[in-house]
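Now for the letters of each chain:
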Amino acid sequence: MKTFVLAVPLILSLCSCTSSSGGGSLKAAAPVAETAPLAPVVKASRADFKNDLTLTAEFEPFQQVDVIAKVTGFVRTIKIDIGDRVRQGQVLTVLEIPEMADDLARAAAAIDQADAEIATASDELHRAEVSHELSHLSYTRIADVVKTDPGLVPQQQVDEAHSRDLVSEAQITTAKSALHTAQQRARVARAERARIETMNKYMTVAAPFDGVVTKRYANEGSMVQSTPVVQLSQNNRLRLSLPVPESAVSRVHVGEAVDVQVSTLNRTFPGRVARFADKIQEATRTMDTEVDVPNPNLDLIPGMYAEVKLRVDERHGVVSVPLDAVDRGGAGTRVYKVANDGTIHVTPVTLGLENEQRVEVVSGVQEGDTVIVGRLAGFRDGQKIRVAERTEEH
């Protein structure tokens, strides 16, 4: 009886496969050992990272005021309505104040009266000066005679001449004082007329800046008395007041450009950090920061919501690895580096910024190091593996 032994050779075929976890193709490398497990790997490379803080705010007018008439009067004409765009200095409304004309006439009459008083006082001063000149000349002559020929002129006559000289000099002082009083009264009258003319100008209410009329409080014929006529909003530039967290306050800089996303319009507008409070609010631990957004075409309307991406950190050309190369388990943050001979070295790492695909490695990995990506469970330190480089998609 013959026994036949059938020898069946065991054929091991190794094939390259694709890994769906990394989003790319796997290229098989030279095997370390036919029994070693196959692991997808990539090399650490440099990348740029940015960290944006997204904050939500509501558009506010750059400035908004209730335009109030300074004087009390009746609205003669009002030339604008809600929604009208006005320019700085444009007439909004004209008031009518009947007694204003009487006040101007009264002021003009007071000026005429003051001018007449000035003329009268000037004449009185001239007469006083002439009288004093004659009295002083008479007294001087008598005094000279007394000096050359004492006793020729009675002393009483000398005293009377001296007295008339002093009285005429005092009259000059009085006349000057009267003239000064008349001049002051004329100044007061002219100042009063200027005040009335200024108040008369307030009868015309003009726009203090370029803006849009958002409210109208008065109509023709209505009386305004320290009450607003219209509300004016400057909308060609808008404000966004953002509550920046305390942790990001030090990274806020005036003049920094930001992107302003308005979801209702599905558009992004350019903005700029214009000012900040420079004080942390105790209740919220945030700092009010204002972003100015140009709005020349008035596409944006106050009250719309917007999202602002505020750049708080940025890195350029730093060492990075894919997110799925990092094991964030209970043993700490680490990666599985692979040596040239296929040996795994579990290495603790310190991470920095990250995005949707990659993470910055501050320490533990150098550029060009090979790390395992994808499913990391089952691998251990010192284990031998076969590597299949994954082609990363960017």
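The structure we're discussing is the one just above.
The structure presented is a predicted model; accordingly, all values stated were derived computationally and were not measured.

> Would you mind showing me how to read the environment of Ser-250 here?
Take Ser-250: it is sitting in the loop between strand E10 (228-245) and strand E11 (257-262). Residues Ser-250 and Ala-377 lie 127 residues apart in sequence; the distance between their C-alpha atoms is 41 Å.

> Any chance you could explain the environment of Asp-123 here in plain terms?
Along the polypeptide, Asp-123 turns up in helix H1 (residues 99-148). Taking the C-alpha atoms as reference points, Asp-123 and Val-318, separated by 195 residues in sequence, lie 96 Å from one another.

> Please explain H1 as it appears in this structure.
Since there are 3.6 residues in each turn of an α-helix, residues three or four apart along the chain are aligned in direction. Between its first and last C-alpha, H1 extends 73 Å over 50 residues, near the 74 Å set by a 1.5 Å rise per residue. Taken as a whole, H1 has its buried residues at Met-100, Ala-107, Ile-111, Ala-114, Ile-118, Ala-121, Leu-125, Ala-128, His-132, Ser-135, Ile-142 and Ala-143. Turning to H1, the residues buried within the fold contact helix H2 (155-201).

> Any chance you could explain the pairing of strand E21 (residues 386-390) here in plain terms?
Both faces of the sheet carry side chains from a regular strand, because those side chains alternate between them. Burial analysis of E21 places four of its five residues in the buried class, the great majority of the element. Bridge count between strand E2 (residues 38-43) and E21: four bridges; the pairing is parallel. Looking at the pairing, Leu-38 lines up with Arg-386 of E21.

> Help me understand H2 in this model?
Counted at 1.5 Å a residue, the expected span for H2 with its 47 residues is 69 Å, and the 69 Å between its end C-alpha atoms agrees. Inspection of H2 places Val-158, Ala-161, Asp-165, Ser-168, Ile-172, Ala-175, Leu-179, Ala-182, Ala-186, Ala-189, Ile-196 and Met-199 among the buried residues, and these make up the whole buried set. Buried residues belonging to H2 abut H1.

Reading the values: the criteria
- Residues numbered from 1 in each chain as written.
- Predicted model: local features only at pLDDT ≥ 70, side-chain atom pairs only at ≥ 80, totals over all residues.
- Heavy atoms only, no water.
- Helix = DSSP H or I, 4+ residues; strand = E, 2+ residues; numbered from the N terminus.
- Expected span 1.5 Å × (residues − 1).
- Buried < 20%, exposed > 50% of the residue type's maximum accessible area, 1.4 Å probe, protein only.
- Contact = heavy atoms within 4.5 Å.
- Pairing = 2+ DSSP bridges.

Taken by themselves, the reported measurements are silent on function.
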